[in-house]
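Chain residues, written in single-letter form:
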Amino acid sequence: MTAPTGVASVAGLLGDIAGTGRDASRGGYSRPVFSTAERDLVTWFTDQAQRRGLDVETDRNGIVWAWWNPAGAPLTGSVVTGSHLDSVPGGGAFDGPLGVASSLAALDHLRARGFAPARPLGIAVFPEEEGSRFGVACLGSRLLTGALAPERALNLTDPDGTSFADAARAAGLDPRHVGRDDEALSRIGVFLELHVEQGRGLIDLGAPVAVASSVLGHGRWRLTITGEGNHAGATLMADRRDPVVAAAAAVLAVRDVARQHDGARATVGRLIPVPGGTNVIAGRVDAWLDVRHPDDDVTAAVVAEITRRAQHAAAVEGCTATVTEESLSPTAHFDAGLRERLREVLPGAPVLATGAGHDAAVLADHVPTGMLFVRNPTGVSHSPAEHVEDPDAEAGALALADALAELLTAPA
């Protein structure tokens, strides 16, 4: 499938940014929020939006909005689509940018049809969706909706010790003004996010596009195990209080506990011994735990059991362990009425749940929200192996255009 004349191809748009934020050591892309790479992507999006005559603004939480409003209608209750441009360390090319590029292409499709919207259309780019720099996923949408207190956000720090307040200030935001924004929120009458599928449901079903039903409840916790730093050669094995040994046992407990609860997923994806010298027994280990389950009570039970086992493993080694919640999102069910409208517009599109978090799930508590997924033939995401075939990317943009046309014609 190729895009009609006058319609930018999704593959072409993504090709424009294919060299931005490449990670030579990890492979894939590293585009943390407010980094040079992420700022370059925001500049790219702004340029693309302005080429299309859209009005572009950045709100006080760092969300970038581009508005198509040919009738000059009030923005309250608009149809909004979009996604994010930041990435996990060494992530793929599609997680986030596919949704942004598809939004631009969908707009082109609508204009090529001569479509006249009855309501304004907004394209939103949310910052720090992955939480890869400051540890809280969907930070921009959480601030917008008030799900995260501004005081907590401003005091978050990245691995280099830079606070979110300082990073935001350097990016041109005023930290004093971050937080719930009722005016911006009121502009979203309905939100529809397109995203690369982060699993292999569509490849097994033989379909290019799906309608989302729900997002798995999930959270992040910081596990800190404290022991005694010492010399690797001068300290006898019997005299050690080694937090790395306790952390190894705790990581195994994470796997074992998750396996005992059907449908649970638990991961330690980041583990840092401090101070981190090759010939040094660490004094502390920091590890980050990700736990997900469709039943929020099960998520809590999994975390509680992991905490108990981690504390036991630490005590065996003469160490102590603490587990601190950094973020928690309950299972989100997308608006049923909107989902049925999407199914009518996209006949034959399967309905799938997802285990990955999204800004759409944060917004779902406040406005009617839905998602579309585009087939990922590898079934792999958060990795350079993540992939979308060009014809599927174009099918996704066309499906998004059809869905937006329905929403822009009729009330939400």
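Structure: see above.
Residues numbered from 1 in each chain as written. Predicted model: local features only at pLDDT ≥ 70, side-chain atom pairs only at ≥ 80, totals over all residues. Heavy atoms only, no water.

> Looking at this model, I keep getting lost on the overall build of the protein chain. Mind explaining?
Helix and strand content of the protein chain: 13 helices and 15 strands. Its C-alpha atoms give the protein chain a radius of gyration of 22 Å, near enough to 22 Å, the size a compact globule of 412 residues would have. Taken along its principal axes, the extent of the C-alpha atoms in the protein chain is 80 × 45 × 40 Å. Taken across its 412 residues, the protein chain has 55% of its residues classed as buried. About 16700 Å² of surface is accessible on the protein chain, with carbon and sulfur atoms providing 51% of the total. Treating the 34 positive side-chain charges of the protein chain as one cloud and the 51 negative ones as another, the clouds have centres 2 Å apart. (Helix = DSSP H or I, 4+ residues; strand = E, 2+ residues; numbered from the N terminus. Rg over C-alpha atoms; globule rule 2.2 N^0.38 Å. Buried < 20%, exposed > 50% of the residue type's maximum accessible area, 1.4 Å probe, protein only. Areas by Shrake-Rupley, 256 points an atom, 1.4 Å probe, with all protein chains shown as cover. Lys, Arg positive; Asp, Glu negative; His and termini not counted. Charge placed at Lys NZ, Arg CZ, Asp CG, Glu CD.)

> What's the story with the side chain of R292 in this structure? I'm lost.
Position of R292 among the secondary structure elements: in strand β11 (residues 284-293). When its relative accessible area of 15% is taken as the criterion, R292 is described as buried. Only 2.7 Å separates the side chain of R292 from the side chain of D290, close enough to count as a polar contact. Within the structure, the side chain of R292 is placed 2.7 Å from the backbone oxygen of G355, a separation counted as a polar contact. The residues touching R292, leaving out its near neighbours within four places in the chain, are L216, G217, H218, G263, A264, R265, T299, G355, A356 and G357. (Polar contact = N/O pair within 3.5 Å; in protein donor to acceptor, adjacent residues only side chain to side chain. Contact = heavy atoms within 4.5 Å.)

> Help me understand the packing of aromatic side chains in this model?
Geometrically, a pair of aromatic rings is defined through the distance of the ring centres and the angle of the planes. Enumeration over the complete set of coordinates arrives at five aromatic pairs. Ring geometry for W65 and W67: centres 5.7 Å apart, planes at 5°, overall stacked. On the basis of relative accessibility, which here comes to 4%, the residue W67 falls in the buried class. Ring plane angle 85° and centroid distance 5.4 Å describe the contact between F134 and F164, whose orientation is recorded as edge-to-face. Here F164 lies in helix α6 (residues 164-170) and F134 lies in the loop between β4 (121-126) and α4 (139-145), a separation of 30 residues in the sequence. In this structure an aromatic cluster arises from ring pairing among W65, W67, F126 and F191. (Phe/Tyr/Trp six-rings, centres within 6.5 Å; stacked < 30°, edge-to-face > 60°.)

> Is there a simple way to think about the nonpolar core in this case?
As a rule of thumb, soluble globular proteins bury nonpolar side chains together. Residues F45, L98, L110, L372 and L404 are the most contacted members of the largest nonpolar core, which totals 51 residues. Broken down by element, the residue count for this core peaks at ten residues, all from helix α13 (residues 390-409). Each residue touching L372, except ones within four places of it in the same chain, is listed here: L192, E193, L194, H195, V209, A210, V211, L342, L346, A399 and L400. If you look at the next biggest cluster of nonpolar residues, it comprises 25 residues, including F191, V215, A332 and V367. (Core = buried A, V, L, I, M, F, W, Y, C linked by side-chain atoms within 4.5 Å.)

> Hey, could you run me through unusual backbone geometry in this one?
Only a minority of non-glycine residues have a phi that is not negative, and only a minority of peptide bonds are not trans. The residue after V274, namely P275, is reached through a cis peptide bond having omega 15°. Within the secondary structure layout, P275 lies in the loop between β9 (265-274) and β10 (280-281). Of note, F34 is a non-glycine position whose phi angle comes to about 65°, a positive value. Within the element layout of this structure, F34 appears in the loop between α1 (10-16) and α2 (36-51). In this structure, E128 takes a positive phi of about 55° despite not being glycine. Within the secondary structure layout, E128 lies in the loop between β4 and α4.

> How should the layout of surface pockets be read in this particular structure?
By rolling a water-sized probe across the atoms, one finds the places where empty space is left. Taken as a whole, the second largest pocket encloses approximately 190 Å³ of empty space. Elements supplying a minimum of two residues to the lining of the second largest pocket: β12 (320-329) and α12 (359-363). (1 Å grid on protein atoms, 1.4 Å probe; cavity = no way out; pocket = protein on both sides within 12 Å on 5 of 7 lines; lining within 4 Å. Points joined across faces, edges and corners; volume = space filled by probe spheres on them.)

> Would you mind showing me how to read the packing of helix α3 (residues 97-112) against α13 here?
A pair of packed helices is characterised by two quantities: the angle between their axes and the separation of those axes. Where α3 meets α13, the closest approach of the two axes is 8 Å, and the angle between their N-to-C directions is 60°. Considered as vectors, α3 and α13 are oriented oblique to each other. Between α3 and α13 the crossing geometry is right-handed. Each of L98, S102, S103, A105, A106, H109 and L110 in α3 lies in contact with α13, whose residues at this interface are A393, A397, L398, L400, A401, L404, A405 and L408. Residue composition of the contact of α3 with α13, by class: twelve nonpolar, three polar and no charged. (Axes fitted to C-alpha atoms, helices over the stretch in contact; angles between N-to-C directions. Parallel < 35°, antiparallel > 145°, perpendicular 65-115°, else oblique. Left-handed = near helix turned anticlockwise from the far one by under 90°. Nonpolar A, V, L, I, M, F, W, Y, C, P; charged D, E, K, R; others polar.)

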